[in-house]
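Structural overview
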Amino acid sequence: MKPEIETNLEIDTKMHVNKLFTLVFLKKNKSVLLGLKTRGLGKGFWNGFGGKVEKNETVMDCAKRELKEECNLEAKDLKQIGVVRYDLLHDNSSDVVHIFTCTQFEGVEKPSEEMNPIQWYKFRAIPFTQMWPDSPHWYPYMLDEKYFSARITYSDENTIKGSSIQVYNNLSNVLKIAE
């Protein structure tokens, strides 16, 4: 089911950032590795590999750790490509997700308790109907290796109230949305 999107949106720019997360997308031969979330936030959705940044952990270290924990692979060329800020009106808070891509990795792909099964999808066959409703908005930028920032506003857990996406020439401009 496609989310309903309202276009006349005023975003509270002072909404408190609640949590920081990471998401890593492994890519090869115009395919991306996704996992089916089996528990917690996003249960039942296909997604990249990532999780909450722990105390005293950098977003890069979190991305590497979560990738290893969730699919048994070690990133060799992790590249931060974007930031997605989620304004959650129903919780009066925001979460920020740092997006990474990787094309060189080591190890044997293996599902985990949290992500099972894991599967390679051709870019043209990504299962968007079985993913977070905002995924089709920003995945194309990630897949094309474009630096981007996105701001997605949810009025409840499944309804997108509005979205905006900007493309940049470098990472430093992308990171401003995470501030």
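Going by an unreviewed UniProt entry, the protein chain carries the name Oxidized purine nucleoside triphosphate hydrolase and comes from Zophobas morio. Recorded in UniProt under Subcellular location (unreviewed entry), the annotation for the protein chain is "Nucleus". Quoted verbatim from the Cofactor (unreviewed entry) field of UniProt, the annotation for the protein chain is "Mg(2+)".

Some details on the pairing of strand β7 (residues 93-102)
Residues in a regular strand project their side chains so that they alternate between the two faces of the sheet. Counting buried positions along β7 gives 10 out of 10 residues, so the element sits mostly inside the fold. Both faces of β7 are covered, namely the face carrying S93, D95, V97, I99 and T101 and the face carrying S94, V96, H98, F100 and C102. Relative to β7, strand β1 (residues 17-28) runs parallel, the two sharing 9 bridges. Bridge pairing in β7 links L20 to V96. Note that strand β6 (residues 79-88) and β7 share 9 bridges and pair antiparallel. Opposite G82, over in β7, you have I99 as the bridge partner.

Quick look at helix α1 (residues 59-71)
For α1, built from 13 residues, the straight-helix expectation of 18 Å at 1.5 Å per residue is met to within 8% by its first-to-last C-alpha distance of 18 Å. Along α1, the residues that are buried comprise V59, C62, A63, R65, E66, L67, E70 and C71.

Considerations on the packing of aromatic side chains
Enumeration according to the criterion identifies 10 aromatic pairs in this entry. When the centroid spacing of 6.0 Å and the interplanar angle of 70° are considered together, the rings of F25 and W138 count as edge-to-face. On the criterion of sequence distance, the pair formed by F25 in strand β1 and W138 in helix α2 (residues 135-143) is long-range, its members being 113 residues apart. Taken as a pair, F25 and W138 share a single burial class, namely buried. For the pair Y86 and Y154, a centre-to-centre distance of 6.2 Å together with 40° between the ring planes defines the contact as tilted.

Quick word on the pattern of salt bridges
Pairing of side chains with opposite charge becomes possible as their charged atoms draw close. Counting across every chain of the model gives 13 salt bridges. When the shortest N-O distance is used, the salt bridge between E69 and R65 registers 3.3 Å. A residue pair is termed a helical-turn pair when its members lie 3 or 4 positions apart in one helix, as E69 and R65 do in helix α1 at 4 residues. When its relative accessible area of 19% is taken as the criterion, R65 is described as buried. Look at the salt bridges and you will find they share partners, linking E54, E57, R65, E66 and E69 into a network.

A look at the environment of W138
With a relative accessible area of 2%, W138 lands in the buried category. With 54 residues separating them along the chain, W138 and V84 place their C-alpha atoms 8.5 Å apart. Each residue touching W138, except ones within four places of it in the same chain, is listed here: L23, F25, V84, Y86, I99, F148, A150 and I165.

Rules and cut-offs
- Residues numbered from 1 in each chain as written.
- Predicted model: local features only at pLDDT ≥ 70, side-chain atom pairs only at ≥ 80, totals over all residues.
- Heavy atoms only, no water.
- UniProt positions renumbered as here; feature names shortened; annotations may be inferred.
- Buried < 20%, exposed > 50% of the residue type's maximum accessible area, 1.4 Å probe, protein only.
- Helix = DSSP H or I, 4+ residues; strand = E, 2+ residues; numbered from the N terminus.
- Pairing = 2+ DSSP bridges.
- Expected span 1.5 Å × (residues − 1).
- Phe/Tyr/Trp six-rings, centres within 6.5 Å; stacked < 30°, edge-to-face > 60°.
- Salt bridge = Lys/Arg side-chain N within 4 Å of Asp/Glu carboxyl O.
- Contact = heavy atoms within 4.5 Å.

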